[in-house]
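Reading the structure
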Amino acid sequence: MESETTKERRIAKVLASPCCLAALSSSEEHLACRKCKAEYKVEQGRPILILPQAKKRFESFLAKSEKQIFSFEKRPMIRRLFPPSETLRLVNKEEELAAKLGPEALILNIGSPKEKKREMVIYLDANPLVKTDIIADAHRLPFVNESFELVICRFVLEHVCNPQKVVSEIHRVLKQGGTVYVDVPLLYPHHDSPADFHRFTLPGLKELMSDFSEVESGMSAGPASALACVLRGFPGLFFENKLLFRLSKFIFGWLVFPLKYLDLLLVGRKHAYLLASSFYFIGQKGRQKKPSP
Ligand SMILES: [Zn+2]
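Summary of the structure given here. (Residues numbered from 1 in each chain as written. Predicted model: local features only at pLDDT ≥ 70, side-chain atom pairs only at ≥ 80, totals over all residues.)

**Looking at the environment of Cys-229**
One can find Cys-229 in helix 7 (residues 223–233). Apart from residues no more than four positions distant in its own chain, Cys-229 is found in contact with Glu-86, Thr-87, Tyr-188, Pro-189 and Ser-277. (Helix = DSSP H or I, 4+ residues; strand = E, 2+ residues; numbered from the N terminus. Contact = placed C-beta atoms within 7 Å.)

As structure tokens, then:
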């Protein structure tokens, strides 16, 4: 309980209005920009710091994507019957990077649901259905400059209209010497959650992140995972009917998921990146770039 209050106090210190990036004054039910007086709601303790236009746009994507699955599929009992993921995650550095920081360090996680594990993590998403601390648009992060030691943004950049803008916002809210950790797909099927816009090669990802000094980068899920995904989705393409389409994904999911383990044989192979499922990049803000040999 006490830690929750500490966290709330820490969040309040770094929050800024999305309109002017100015300080916010707060009352019980809303926050207001001290500069232009724009008001933002707080719903069930969650500040909704998103500009009206971005909110509207996001809600229209969300309405479309919700129609693609049956509501009964969301029931926990049904979800337990679903096949395991067809993607084998080869690299996950979240814990390692967070563990390097002191207990007071503030971490921002964009686009992942809230976990109880770490206290000083602020979870942010534009989707009100995701369990987060703040509802906001990644194109306009509602924080003052240099607020965070670590920003985690995994499998989000393919879903934003303008990845470059989001990356420059991450750069702005990171402290000097702070770390960014991103993951992006290359060969992964179109997935509206709620909208899907981009794919990235490793050089493309590095170019996107070029304001940061690279610490490390590489394949985070391999070709066998990419193949399993395609094989899972492919048979369903012959069905126009939504139930048959979903059922096919369910059945083929169970049949093909073990394929992903072939990625354990492909890790470190010279050409594996050509058909990778996803890539990761870890970078630092303001660190001297290594001179190229
Ligand atoms: Zn304002």
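**Observations concerning the pairing of strand 3 (residues 39–43)**
Of the strand pairs in this sheet, strand 2 (residues 30–33) and strand 3 are connected by three bridges, and their pairing is antiparallel. Directly across from Leu-31, in strand 3, lies its bridge partner Tyr-40. Judged from the two bridges that link them, strand 3 and strand 4 (residues 46–49) form a sheet pairing that is antiparallel. Pairing of Glu-43 across the sheet is with Arg-46, part of strand 4. Where strand 3 folds back on strand 4, the antiparallel hairpin that results is connected by two residues, among which Gln-44 adopts a positive phi of roughly 50 degrees. (Pairing = 2+ DSSP bridges.)

**Looking at the nonpolar core**
Counting residues in hydrophobic clusters, the biggest one holds 63 residues, and the most contacted among them are Ile-107, Val-151, Val-182 and Phe-279. Non-local contacts of Val-151, meaning those with residues more than four positions away in its chain, are made with Leu-108, Ile-110, Ile-170, Val-173, Leu-174 and Val-180. (Core = buried A, V, L, I, M, F, W, Y, C linked by C-beta atoms within 7 Å. Buried ≥ 20, exposed ≤ 12 C-beta atoms within 10 Å, placed from the backbone.)

**Regarding the sheet that holds strand 6 (residues 121–125)**
Taken together, 11 strands build an open sheet; the order of strands is 1-2-3-4-7-6-5-8-9-11-10 and the sheet is mixed. The outermost strands of the open sheet, each flanked by one partner alone, are strand 1 (24–26) and strand 10 (212–221). Shown here is a sheet whose adjacent strand axes are inclined to one another by a mean of 20 degrees, direction ignored. (Axes fitted to C-alpha atoms, helices over the stretch in contact; angles between N-to-C directions.)

**Details of unusual backbone geometry**
In the Ramachandran plot, Leu-21 falls in the positive-phi region, its phi being about 55 degrees despite a non-glycine side chain. With respect to the secondary-structure elements, Leu-21 resides in the loop between helix 1 (2–14) and strand 1. Of the residues examined, Leu-21 has 16 C-beta atoms within 10 Å and is grouped as partly exposed. We note that Lys-37 has phi near 70 degrees; this positive angle belongs to a residue other than glycine. Within the secondary structure, Lys-37 is located in the loop between strand 2 and strand 3. We classify Lys-37 as exposed; it has 11 C-beta atoms within 10 Å.

**As for the environment of His-159**
Locating His-159 in the fold gives a position in the loop between strand 8 (148–154) and helix 5 (163–173). Once the C-alpha coordinates of His-159 and Pro-258 are considered, the two residues, 99 residues apart in sequence, prove to be 27 Å apart. Beyond its immediate stretch of four places on either side in the chain, His-159 contacts Ser-193, Ala-195, Asp-196 and Phe-197.

**Focus: the packing of helix 7 against helix 8 (residues 242–256)**
The geometry of helix 7 relative to helix 8 is characterised by a closest axis approach of 8 Å and an angle of 145 degrees between their N-to-C directions. Crossing geometry of helix 7 relative to helix 8 is assigned as right-handed. Between helix 7 and helix 8, the residues in contact are Ala-228, Leu-231, Arg-232 and Gly-233 and Lys-249, Phe-252, Gly-253 and Val-256, respectively. When the residues that make up the contact of helix 7 with helix 8 are grouped by side-chain class, the tally is four nonpolar, two polar and two charged. (Left-handed = near helix turned anticlockwise from the far one by under 90°. Nonpolar A, V, L, I, M, F, W, Y, C, P; charged D, E, K, R; others polar.)

**As for helix 5**
Pro-163, Val-166, Val-167, Glu-169, Ile-170 and Val-173 are the residues of helix 5 that are buried. Viewed along the axis of helix 5, the buried residues span an arc of 155 degrees, placing them on a single side of the element. Against the buried residues of helix 5 lie strand 5 (107–110), strand 8, strand 9 (174–185) and helix 6 (202–208). (Arc of directions from axis to C-beta.)

**Some remarks on the pairing of strand 4**
If a strand is regular, its side chains alternate between the two faces of the sheet. Residues Pro-47 and Leu-49 of strand 4 are buried on one face, while the alternating residues Arg-46 and Ile-48, pointing to the opposite face, are not. Taken together, the two bridges between strand 4 and strand 7 (residues 134–136) define a ladder with parallel strand orientation. In the strand pairing of strand 7, Ile-48 is matched with Ile-135.

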